[in-house]
There are 2 protein chains.
Amino acid sequence: MRPTIREVARRAGVSLITVSRVVNNSGYVSSETRARVEEAIQKLGYIPNNISRSLRLKKTNVIALIVSDITNPFWTTITRGIEDACHEQGLNVILCNTDESPEKLDEYVNVLLQKRVDGFLIAPTTDDTDTLISLVEQEVPLVFIDRHPQTIRASIVRGDSEVGAYKLTEYLISLGHSRIAILSGPEKASTSQQRTAGYKRACQMHQIAVDPSLIFCGEYNQEHGYHTTLNIFEQIHPKPTAIFAGNSLIAAGVFKAIYDLGLKIPADVSVAAFDDLTFRFTPEPFLTVVDQFPYQMGYTAAQLLLKQIGDQTKTTYEEIVLPVELIVRHSCRQV
Amino acid sequence: MRPTIREVARRAGVSLITVSRVVNNSGYVSSETRARVEEAIQKLGYIPNNISRSLRLKKTNVIALIVSDITNPFWTTITRGIEDACHEQGLNVILCNTDESPEKLDEYVNVLLQKRVDGFLIAPTTDDTDTLISLVEQEVPLVFIDRHPQTIRASIVRGDSEVGAYKLTEYLISLGHSRIAILSGPEKASTSQQRTAGYKRACQMHQIAVDPSLIFCGEYNQEHGYHTTLNIFEQIHPKPTAIFAGNSLIAAGVFKAIYDLGLKIPADVSVAAFDDLTFRFTPEPFLTVVDQFPYQMGYTAAQLLLKQIGDQTKTTYEEIVLPVELIVRHSCRQV
DNA sequence: CTGAAAGCGCTTACAG
DNA sequence: CTGAAAGCGCTTACAG
């Protein structure tokens, strides 16, 4: 059984209040009293109970992070940024993986609402809206990361998908490509809408006709990249000379399909993608990408959430769009 | 302000106890009463406060996970296994990154002790012993993952490093290699001791002299892999024909060094490593590895911790050694 | 500079 | 099947 503040008080011959003051460094305590209390704490191995503190203060210093899968390096890196920002401010983060299941999201949100976390950082997937709406209605501090569910007005930190896609497409056009397939994400996801929009804008700006049969929406996963690429090479004529993968999972699928088709990148087809994630174990990274700086994204999102937790008074809605960067490497060639 | 159990009770015309019973599904409640209470809960949007519940019950249903860096795919995958196991049992996990800093470890442990987490899952680094000893003395539920700090008796779940290293070395020997450099981890880390031991045992079993100048301890990071490999190719004669990297970070450094030296794998030198982590974005994985199944490792560790949290009575010490597997690919050649 | 008392929102052993 | 009362371990506004 751990000693409580009461035992410390008894041992130091003071009241509970005084002990509370020295523990929290608040209010006046004479230095002799402080010393006595500190000695008692020491001797008893007293560890303040923050459960009761939280109950009184209605503040847990814990936030919830909900992503689809921490194992996806994009989310891993975001998570690290979040944890660092929270650690600096003395908060802890509870990690949740939903695997894109609305039921798991529900479950997590319910449990964490019961645990009275101070706020939520959520990377929403397409079909989660109901639970999220209810969070917003309850005015729980909440910031979205990366994606913005349709119709929900809440704070968000995201990369500039439109501009990123524009730059990437423009780069491909500058290499002489005019038939560029884009393997985007789900039609309803704000990120894939923005990426497709950037792609279209670049085409239009450079007098290249947008061919709707080169725009493929699908999940942000390898299967989409793989099967769509196989499809493209079987059925589309004239074949595209470049493929723009909407994220790195899709890119991995594209790579595999091209490998299985016995083709070479960039000799037979140029490939570029969103998100720069394979660098860690590659001596010489190869893929041309748009980097969204996920660490910064997580860090910024956490800071925004902490700010909102700080001033609960005004329920302000804030959208932070982070700049992205085109990193040219060796997966695209001049045609 | 959220409604409390008191308001629900008033609205339903029952006592607090009764509300508590229906919320927790414990004890007898007539179905009419239950219905009335449930309606009140519904109408008020009552969300039980688990802070106060935790205070009473002395149980938070939260555990702490402390790793050096979630961004390292080995830990990412372990983390996912842990989170899944905890989620199944209704616990949440707080994620902490120490960056191998003993001070950060201290800080996290103190804060989380104050938050009264139900237990700790820790991947210790070499110099953390003091804080960890104190945790063990306090009989806080604790299980180590992957590594075992010297001198501390506590539960641990780890891969079979010795056998893994033995198999990997034996495989290299079977290809005709007799000068095999091993780039192991820190001298004091149990994992690197075991890997070095497995390496030596394999050499001895196959009548190959163990050359101490081919055994390189260092950090589990890219720098060690990089600089040691450069060193090897400048200074060691006769040169080793194979390099055994102690983990995947070291392997990445080895790869980069070999690339920078203008050499090819496996034509000029064979390379094999611990941990299979690059598969995700690679259509055709190349590196021959020992897979430690980090997902399983995390899952198992969490289960062990949850078991220990369950029966607090006996402070049993348990060591679970998980089997590992040699996965032969294309980074080693016959000599 | 120090303290008495109420209260944060639950649960539980006991009585009826 | 239902409830009164004590208590989990803190903090705070107020008084002295």
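Residues numbered from 1 in each chain as written. Chains lettered and ligands numbered in written order. Predicted model: local features only at pLDDT ≥ 70, side-chain atom pairs only at ≥ 80, totals over all residues. Heavy atoms only, no water.

Colleague: What's the story with the relation of the copies chain B and chain A in this structure? I'm lost.
Modeller: Note on the chain copies: they are related by a rotation about an axis and a translation along it. The transform that puts chain B on chain A rotates by 180° and translates by 0.0 Å along the axis, for an RMSD of 0.0 Å. Such values leave the two copies arranged in the relation of a two-fold axis. Across chain B, the smallest distance between a C-alpha and the rotation axis is recorded for Ile94(B), namely 2.1 Å. The residues that chain B uses at the interface reappear at the interface of chain A in 100% of cases, marking a shared surface. (Least-squares fit on C-alpha atoms with pLDDT ≥ 70 in both. Contact = heavy atoms within 4.5 Å.)

Colleague: What's the story with the packing of helix H5 (residues 73–88) of chain B against helix H12 (residues 294–310) of chain B in this structure? I'm lost.
Modeller: Two packed helices can be described by the angle between their axes and the distance between those axes. All names here are of chain B. Between H5 and H12, the shortest axis-to-axis distance is 7 Å and the interhelical angle comes to 40°. Overall, the two elements H5 and H12 adopt an arrangement that is oblique. The two elements H5 and H12 cross, and the hand of that crossing is right-handed. Seen from H5, the contacting residues are Phe74, Thr77, Ile78, Arg80, Gly81, Ile82, Asp84, Ala85, Cys86 and Glu88; seen from H12, they are Pro294, Tyr295, Met297, Gly298, Tyr299, Ala302, Gln303 and Leu306. (Axes fitted to C-alpha atoms, helices over the stretch in contact; angles between N-to-C directions. Helix = DSSP H or I, 4+ residues; strand = E, 2+ residues; numbered from the N terminus. Parallel < 35°, antiparallel > 145°, perpendicular 65-115°, else oblique. Left-handed = near helix turned anticlockwise from the far one by under 90°.)

Colleague: Is there a simple way to think about the interface of chain B and chain A in this case?
Modeller: It is common to report an interface's size as the accessible area lost on association of the parts. Facing 58 residues of chain B, the contacting portion of chain A comprises 58 residues. Counting each side, the surface lost to burial between chain B and chain A is near 5,300 Å², with a carbon and sulfur contribution of 58%. Connecting chain B to chain A are four salt bridges. Between Asp69(B) and Arg80(A) there is a salt bridge, and its shortest N-O distance comes to 3.0 Å. Run the count over chain B and chain A and you get 24 residue pairs in polar contact (both at pLDDT 80 or more). Within the residue set of the side of chain B that touches chain A, elements represented by two or more residues are helix H4 (50–57), H5, strand S2 (92–97), helix H6 (102–114) and helix H11 (248–260) of chain B. (Buried area = accessible area lost by both parts, 1.4 Å probe. Salt bridge = Lys/Arg side-chain N within 4 Å of Asp/Glu carboxyl O. Polar contact = N/O pair within 3.5 Å; in protein donor to acceptor, adjacent residues only side chain to side chain.)

Colleague: Please explain the pairing of strand S1 (residues 62–67) of chain A as it appears in this structure.
Modeller: Residue and element names in this part refer to chain A. With six of six residues buried, S1 lies mostly within the body of the structure. Here S1 shows two buried faces, one formed by Val62, Ala64 and Ile66 and the other by Ile63, Leu65 and Val67. Taken together, the six bridges between S1 and strand S2 (residues 92–97) define a ladder with parallel strand orientation. The residue of S2 that forms the bridge with isoleucine 66 is cysteine 96. This β-α-β element, S1 to helix H5 (residues 73–88) to S2, shows right-handed connectivity. Here four bridges tie S1 to strand S3 (residues 119–122), and the two strands are oriented parallel to one another. Across the sheet, the residue bridging to alanine 64 is phenylalanine 120, located in S3. (Buried < 20%, exposed > 50% of the residue type's maximum accessible area, 1.4 Å probe, protein only. Pairing = 2+ DSSP bridges. Right-handed = clockwise from strand over helix to strand, strands pointing away.)

Colleague: It is not clear to me how the protein's contact with DNA strand D should be interpreted in this structure. Could you clarify?
Modeller: Taken together, 25 residues lie around DNA strand D, and Ser20(A), Arg53(A), Ile17(B), Thr33(B) and Arg56(B) are the ones closest in. Close to the protein, within 4 Å, the atoms of DNA strand D are drawn from sugar and phosphate at a rate of 60%. One of the side-chain N or O atoms of Ser20(A) is found 2.4 Å from a phosphate oxygen in DNA strand D. Here a phosphate oxygen of DNA strand D and a backbone polar atom of Ser15(B) are 3.1 Å apart. Among the elements of the structure, helix H2 (16–24) and helix H4 (50–57) of chain A together with helix H2 (16–24) and H4 of chain B are those that each provide at least two residues to the surface near DNA strand D. (Near = heavy atom within 4 Å.)

Colleague: Sorry if this is basic, but what is going on with the protein's contact with DNA strand C here?
Modeller: Around DNA strand C sit 25 residues, and of these Ile17(A), Thr33(A), Arg56(A), Ser20(B) and Arg53(B) come closest. Take the atoms of DNA strand C that sit within 4 Å of the protein: sugar and phosphate atoms are 60% of them. In this structure, Thr33(A) approaches DNA strand C through a side-chain N or O atom, which is 2.4 Å from a phosphate oxygen. Here Arg56(B) contributes a side-chain N or O atom positioned 2.7 Å from a base oxygen of DNA strand C. Taken together, the elements giving at least two residues each to the surface near DNA strand C come down to H2 and H4 of chain A together with H2 and H4 of chain B. Looking at which element gives the most residues to the surface near DNA strand C, the answer is H4(B), with five residues. Tallied by class, the residues present in the surface near DNA strand C amount to eleven nonpolar, nine polar and five charged. (Nonpolar A, V, L, I, M, F, W, Y, C, P; charged D, E, K, R; others polar.)

Colleague: Where do I start with the environment of Leu121(B) in this structure?
Modeller: Within the element layout of this structure, Leu121(B) appears in strand S3 (residues 119–122). Other than its neighbours up to four places away in sequence, Leu121(B) contacts Ile63(B), Ala64(B), Leu65(B), Ile66(B), Ile82(B), Val143(B), Ile145(B), Ala301(B), Ala302(B) and Leu305(B).

Colleague: It is not clear to me how the sheet that holds strand S7 (residues 215–216) of chain B should be interpreted in this structure. Could you clarify?
Modeller: Backbone hydrogen bonds are what pair the strands of a sheet, in a parallel or an antiparallel way. All names here are of chain B. Pairing within the open sheet is mixed, and its six strands lie in the order S7-S6-S8-S9-S10-S12. Each of the sheet's edge strands pairs with one partner strand only, and the pair in question is S7 and strand S12 (325–327). By the bridge criterion, three bridges tie strand S10 (residues 288–291) to S12 in an arrangement that is antiparallel. The partner of aspartate 291 across the bridge, within S12, is glutamate 325.

Colleague: Looking at this structure, how should I read the pairing of strand S5 (residues 155–159) of chain B?
Modeller: When a strand is regular, its side chains alternate between the sheet's two faces. Residues and elements named next belong to chain B. Of all five residues making up S5, five are buried, and the element is well covered by its neighbours. Because side chains alternate across S5, one face comprises the buried residues Ser155, Val157 and Gly159, and the other comprises Ile156 and Arg158, equally buried. Relative to S5, strand S4 (residues 142–145) runs parallel, the two sharing three bridges. Pairing of valine 143 across the sheet is with serine 155, part of S5. Pairing of S5 with strand S11 (residues 319–322), which is carried by four bridges, proceeds in the parallel orientation. Directly across from valine 157, in S11, lies its bridge partner isoleucine 320.

Interpretation in functional terms is not warranted from these geometric data alone.
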